[in-house]
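The lines below spell out each chain.
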Amino acid sequence: MRAIVRWVVSRLRRYRPDRNPLRRRSDRVEAALAAAALAAVLFAVWPAALAARAVYDDGIAAERAGSGTRQLVEVTLVETASIEAAPAVQANGRGLPAVSPARWTLPSGEVREGVVPAALLLRDGPANARLWVDAAGRPVAPPPQRAETMTRAGLAAAGAVASVAVLAWACFALARGWLDRRRYREWEAAWAAADQRWRRHHI
């Protein structure tokens, strides 16, 4: 932790504006670029918040259950022999058939039959289960939990800020590399001029 604090303090001292006569124009340009990169990351917080809000609202809409969205209905599993012969998959530590022939009754009283992925069934027993269906009575995935919605919103915000931070850092690193090469050339020219003056002084 102390190492991080020392690094931050050194960066602030290096890029803070002052009237140090030893600072070159390239040093001031680098400080301005560092401030611009930091500002870009700070400004990214607002778009990140908007992205998180959009993902959260979509998640809340997906959580809704009831008439016109999705509903939980009782399911009767049929054709037991076919179920036992179906390939098994692991779910919650138990082997379950990959698909299950089933019959379910919609709230309107209409009876539907079909092959349902085992992962969508909430089993209550060997032959009974529950299933989420959409407004048309088709099997759908269960609505997401609130924790999942909040996690997705947080990841969306973090991803937006991280993307801007990586882009800002890459631009700053490229600009700093160009400034370093320019400084190296200036140092070489200055040393060459100093060497010439030293030689003339001692001739």
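Our structure's up above, just so we're on the same page.
Residues numbered from 1 in each chain as written. Predicted model: local features only at pLDDT ≥ 70, side-chain atom pairs only at ≥ 80, totals over all residues. Heavy atoms only, no water.

### As for the environment of threonine 76
So, step 1. With respect to the secondary-structure elements, threonine 76 resides in strand 1 (residues 70–77).
So, step 2. The spacing of threonine 76 and alanine 127 is 51 residues in sequence and 5.9 Å in space, taken between C-alpha atoms.
So, step 3. Not counting chain neighbours up to four residues away, the residues in contact with threonine 76 comprise Ala102, Arg103, Ala127 and Asn128. (Helix = DSSP H or I, 4+ residues; strand = E, 2+ residues; numbered from the N terminus. Contact = heavy atoms within 4.5 Å.)

### Structural notes on the side chain of arginine 70
So, step 1. You can see arginine 70 is positioned in strand 1.
So, step 2. In this structure, arginine 70 is buried with no salt-bridge partner, the nearest side chain bearing the opposite charge being aspartate 134 at 8.8 Å.
So, step 3. Here alanine 62 takes part through its backbone oxygen, which lies 3.3 Å from a polar atom of the side chain of arginine 70.
So, step 4. Looking at arginine 70, its side chain comes within polar contact range of the main-chain oxygen of alanine 141, at 2.6 Å. (Buried < 20%, exposed > 50% of the residue type's maximum accessible area, 1.4 Å probe, protein only. Lys, Arg positive; Asp, Glu negative; His and termini not counted. Salt bridge = Lys/Arg side-chain N within 4 Å of Asp/Glu carboxyl O. Polar contact = N/O pair within 3.5 Å; in protein donor to acceptor, adjacent residues only side chain to side chain.)

### A closer look at a nonpolar patch on the surface
So, step 1. A contiguous nonpolar surface patch, about 420 Å² in accessible area, is contributed by Tyr184, Trp187 and Trp191.
So, step 2. Assignment of secondary structure puts tryptophan 187 in helix 5 (residues 146–201).
So, step 3. By relative accessible area, tryptophan 187 is classed as partly exposed at 42%. (Patch = residues over 30% accessible without salt bridge, like charges linked within 9 Å, V, L, I, M, F, W, Y side chains within 5 Å. Areas by Shrake-Rupley, 256 points an atom, 1.4 Å probe, with all protein chains shown as cover.)

### Regarding the pairing of strand 5 (residues 111–117)
Residues in a regular strand point their side chains to alternate faces of the sheet.
So, step 1. Two elements, strand 4 (residues 99–105) and strand 5, share seven bridges in a ladder whose sense is antiparallel. Bridge pairing in strand 5 places serine 100 opposite valine 116. (Pairing = 2+ DSSP bridges.)

### With respect to the packing of aromatic side chains
So, step 1. Under the definition given, this model contains one aromatic pair.
So, step 2. Aromatic side chains tyrosine 184 and tryptophan 187 sit 5.6 Å apart centroid to centroid with 50 degrees between the ring planes, which places their arrangement in the tilted category. Remark: tryptophan 187 and tyrosine 184 occur in helix 5; sequence separation between them is three residues, near one turn of the helix. (Phe/Tyr/Trp six-rings, centres within 6.5 Å; stacked < 30°, edge-to-face > 60°.)

### Digging into the pattern of salt bridges
So, step 1. Overall, the coordinates contain eight salt bridges when judged by the stated rule.
So, step 2. Residues arginine 183 and glutamate 30 are paired through a salt bridge, measuring 2.7 Å at the closest nitrogen-oxygen approach. Of this pair, arginine 183 sits in helix 5 while glutamate 30 sits in helix 2 (residues 25–43), placing them 153 residues apart in sequence. Both residues of the pair, arginine 183 and glutamate 30, belong to the buried class.
So, step 3. The salt bridge partner of arginine 152 is glutamate 148, with a shortest N-O separation of 2.6 Å. Remark: glutamate 148 and arginine 152 occur in helix 5; sequence separation between them is four residues, near one turn of the helix.
So, step 4. What makes arginine 152 partly exposed here is its relative accessible area of 48%.
So, step 5. With a relative accessible area of 33%, glutamate 148 lands in the partly exposed category.
So, step 6. When salt bridges that share partners are traced, they join Glu30, Arg176, Asp180 and Arg183 into one network.

### As for the pairing of strand 7 (residues 128–134)
So, step 1. Across the seven residues of strand 7, five count as buried, placing the element largely inside the fold.
So, step 2. In this structure, strand 1 lies alongside strand 7, joined through seven bridges in antiparallel fashion. Opposite leucine 72, over in strand 7, you have tryptophan 132 as the bridge partner.

### Some details on the nonpolar core
So, step 1. Core analysis: the largest hydrophobic core is formed by twelve residues, namely Val73, Val75, Leu77, Ala102, Trp104, Leu106, Val116, Leu120, Leu121, Ala129, Leu131 and Val133.
So, step 2. At the level of secondary structure, the elements contributing two or more residues to this core comprise strand 1, strand 4 and strand 7. (Core = buried A, V, L, I, M, F, W, Y, C linked by side-chain atoms within 4.5 Å.)

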